[in-house]
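Observations on the model geometry
Letter by letter, the chains look like this.
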Amino acid sequence: MTQFEFEEAADRLNVVGWTPTQGREPRFMTLTPKGDCLLVANEQGDNIVVFDIEPATGRLLLCRVVSTASPSTIAFA
């Protein structure tokens, strides 16, 4: 996943980093309802990966990898 920052003065996005999704073919990603974690469904990697979002910097911190067969989406009830 590519990480960007928004440069307000120039009204543009700048690449600031890259975070591996910990699996093959990331198909879907979403924020948790609170917005404190990013979840990535790696379809061919057979996992869903949870990243904590560091509040001060927005950096992604690997939290947990959950094995599951061919995830293609994530929904919250």
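Calculation rules
- In this numbering scheme, every chain counts its residues from 1 along its sequence in written order.
- In keeping with the model being predicted, local features are shown solely for residues with a pLDDT of at least 70 and side-chain atom pairs are shown and tallied solely at 80 or more, while totals for entire chains, interfaces and linings include all residues.
- Side-chain metrics in this entry use all non-hydrogen atoms of the structure; hydrogen atoms and water are not considered.
- Residues qualify for a patch when their relative accessible area is over 30% and they have no salt bridge, like charges being joined within 9 Å and the nonpolar side chains of Val, Leu, Ile, Met, Phe, Trp and Tyr within 5 Å.
- Each accessible area is a Shrake-Rupley result for a 1.4 Å probe, and residues are judged covered by the shown protein chains and nothing else.
- Criterion for a salt bridge: a side-chain nitrogen of Lys or Arg within 4 Å of a carboxyl oxygen of Asp or Glu.
- Every helix listed is a DSSP run of H or I at least four residues long, and every strand listed is a run of E at least two residues long, numbered separately from the N terminus.
- Each residue is assigned to one of three classes by its accessible area relative to the maximum for its type, calculated with a 1.4 Å probe on protein chains only: buried under 20%, partly exposed between the two thresholds, exposed over 50%.
- Throughout, a contact is declared for two residues whenever any of their heavy atoms are within 4.5 Å.
- Paired strands, as defined in this entry, are two strands with at least two bridges between them according to DSSP.
- Here an angle of 0 to 180 degrees is reported between the N-to-C directions of two axes, which are lines fitted to C-alpha atoms, with helices fitted over the stretch in contact.
- Cysteine sulfur atoms that pair up within 2.5 Å are treated as a disulfide.

Taken together, Phe4, Phe6, Leu13 and Val15 make up a surface patch of nonpolar side chains, about 440 Å² in accessible area. Looking at the nonpolar patch, the elements that each hand over two or more residues are β1 (2-7) and β2 (12-18). Residue position: Phe6 is located in strand β1.

Attention now goes to the side chain of Gln3. Counting through the fold element by element, Gln3 comes out in strand β1. Residue class for Gln3 comes out buried when judged on its relative accessible area of 18%. Setting aside residues no more than four positions away along its own chain, Gln3 makes contact with Asn14, Val15, Val16, Gly17, Thr19 and Leu60.

Here four strands make up an open sheet; going across it, the order is β3-β4-β5-β6 and the pairing antiparallel. Strand pairing shows two members of the sheet lacking a second neighbour, β3 (26-31) and β6 (60-67), which therefore form its edges. Going from strand to strand, the sheet's axes swing by 20° on average, the running direction of each strand aside. Both strand β4 (residues 37-42) and strand β5 (residues 47-53) contribute to a ladder of six bridges, which runs antiparallel.

The next subject is the pairing of β5. Within β5, five of the seven residues are buried, which leaves the element mostly enclosed by the surrounding structure. Linking β4 to β5, which pair antiparallel, is a turn of four residues; within it Asp46 sits at a positive phi near 55°. With seven bridges joining them, β5 and β6 adopt antiparallel strand pairing. Within the sheet, the bridge partner assigned to Val49 lies in β6 and is Val65. Two successive antiparallel strands, β5 and β6, enclose a turn made up of six residues, where Gly58 displays a positive phi of approximately 80°.

What follows concerns the state of the cysteines. Two cysteines joined by a covalent bond between their sulfur atoms form a disulfide. Tallying each qualifying case throughout the model produces zero disulfides. Unpaired in this structure, Cys37 has its nearest cysteine sulfur neighbour in Cys63, at a distance of 6.0 Å. A relative accessible area of 13% means that Cys37 is categorised as buried.

Pairing geometry for β1 and β2, over six bridges, is antiparallel. When the bridges of β2 are listed, Gln3 appears paired with Gly17.

For the rest of this paragraph, the subject is the pattern of salt bridges. Under the counting rule described, the total for this entry stands at two salt bridges. For Glu43, the salt bridge identified is with Arg27, shortest N-O distance 3.0 Å. Linking Glu43 in the loop between β4 and β5 with Arg27 in strand β3, this pair joins segments that are 16 residues apart in sequence.

Function cannot be read off these values alone, since they describe shape.
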